Amino acid sequence: MQEILSQFPNLTTTQIEQFEQLKTLYEDWNAKINVISRKDIDELYTRHVLHSLGIAKVQPFEQGTFVLDVGTGGGFPGIPLAILFPETRFYLIDVIAKKIKVVNEVAKAIGLQNVKAEQMRAENVKGDFDFIVSRAVTNMPDFVNWIKDKIKKQNKHELKNGILYLKGGDLTEELKDFPKATEYNLSEYFKEDFFETKKVVHLPLKFKA
């Protein structure tokens, strides 16, 4: 939690309280429905919350932005980002109903008004989004296939509309067909060893009418 406060010093009292509540909520829900691995629950703030917020270091979201989180699991990266950007709308989807139940319960418990979560396959989502975020749910070619027709036409950020993907390791092979992809090393922002090989990949995608 201290690292979050030092990395994001302008948090409001409400945001700090929301972040602080996550530990107890996820510990309680994890005991009923295993959404986070047992070894990771003790490292919740580093391996899940701060990791999710790596996207914010690469591209902060403007007011009115619409973001889709594909394969959100227990709500990552969507819930930490929704706390950080209360003026941004987040649509969190996962194919596993019990995970979406946890997401909805956590969002409700901390009073998030900007999150909608549903059990849904990415291919079936209707709507256009400024950015589509995810945390290594599949390889990039398959991921692009799922969401390529869901990007808004109008850009309003420094980075072009498209994918912001949390990935790790050597991505040379995976990204070889995507020359426009840019890798941002999270070790440049966060000092913990966990982030040594972690990255945010930005892949701009064109609007498809």
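Residues numbered from 1 in each chain as written. Predicted model: local features only at pLDDT ≥ 70, side-chain atom pairs only at ≥ 80, totals over all residues. Heavy atoms only, no water.

1. Remarks on the environment of Glu118
And then number 1: Mapped onto the fold, Glu118 is located in strand 3 (residues 115-119).
And then number 2: Exposure remark for Glu118: the relative accessible area of 28% places this residue in the partly exposed category.
And then number 3: Placed 23 residues apart in sequence, Glu118 and Val95 show a C-alpha to C-alpha distance of 8.5 Å.
And then number 4: Discounting chain neighbours no more than four positions away, the residues touching Glu118 are Tyr91, Leu92, Ile93, Asp94 and Ile100.
And then number 5: In terms of polar contacts, Glu118 uses its side chain to reach the side chain of Tyr91, at 2.4 Å. (Helix = DSSP H or I, 4+ residues; strand = E, 2+ residues; numbered from the N terminus. Buried < 20%, exposed > 50% of the residue type's maximum accessible area, 1.4 Å probe, protein only. Contact = heavy atoms within 4.5 Å. Polar contact = N/O pair within 3.5 Å; in protein donor to acceptor, adjacent residues only side chain to side chain.)

2. Remarks on the packing of helix 2 (residues 13-32) against helix 4 (residues 44-58)
And then number 1: Following both chains from N to C, one finds helix 2 and helix 4 inclined at 130°, their axes separated by 11 Å at the closest point. Overall, the two elements helix 2 and helix 4 adopt an arrangement that is oblique. Once helix 2 is placed against helix 4, the crossing between them reads as right-handed. Residues Phe19, Glu20, Gln21, Leu22, Lys23 and Tyr26 of helix 2 form the contact with helix 4, whose participating residues are Leu44, Tyr45, Val49 and Leu53. (Axes fitted to C-alpha atoms, helices over the stretch in contact; angles between N-to-C directions. Parallel < 35°, antiparallel > 145°, perpendicular 65-115°, else oblique. Left-handed = near helix turned anticlockwise from the far one by under 90°.)

3. Section: the packing of aromatic side chains
And then number 1: Inspection of the entire model under this criterion finds ten aromatic pairs.
And then number 2: Look at Phe143 and Tyr165: their rings are 4.6 Å apart centre to centre, the planes differ by 15°, and that puts the pair in the stacked class. With a gap of 22 residues between them, Phe143 in helix 7 (residues 140-147) and Tyr165 in strand 5 (residues 162-168) connect regions that are remote in the sequence. With respect to burial, Phe143 and Tyr165 carry one shared label: buried.
And then number 3: Here the basic side chain of Arg89 rests over the ring of Phe66, its NZ or CZ set 3.8 Å away from the ring centre. (Phe/Tyr/Trp six-rings, centres within 6.5 Å; stacked < 30°, edge-to-face > 60°. Lys NZ or Arg CZ within 6 Å of the ring centre and 35° of its normal.)

4. Points about the layout of surface pockets
And then number 1: Each pocket or cavity is described by its volume, and for the largest pocket that value is around 240 Å³.
And then number 2: Val35, Thr72, Gly73, Gly74 and Arg135 are the residues nearest the centre of the largest pocket, which is lined by 16 residues in total.
And then number 3: For the lining of the largest pocket, the residue count by class is six nonpolar, six polar and four charged. (1 Å grid on protein atoms, 1.4 Å probe; cavity = no way out; pocket = protein on both sides within 12 Å on 5 of 7 lines; lining within 4 Å. Points joined across faces, edges and corners; volume = space filled by probe spheres on them. Nonpolar A, V, L, I, M, F, W, Y, C, P; charged D, E, K, R; others polar.)

5. Remarks on the nonpolar core
And then number 1: Within the largest apolar cluster, 49 residues are counted, with the highest numbers of intra-cluster contacts made by Leu22, Tyr26, Phe61 and Ile79.
And then number 2: Counting residues per element, the ones that place at least two in this core are helix 2, helix 4, helix 5 (78-84), strand 2 (89-94), helix 6 (97-109), strand 3, strand 4 (131-135) and strand 5.
And then number 3: Excluding anything up to four places from it in sequence, Ile79 contacts Leu22, Tyr26, Gly74, Leu92, Val103, Val106, Ala107, Ile110 and Leu112.
And then number 4: By size, the runner-up hydrophobic cluster in this structure holds 23 residues, among which are Ile93, Ala122, Ile132 and Phe178. (Core = buried A, V, L, I, M, F, W, Y, C linked by side-chain atoms within 4.5 Å.)

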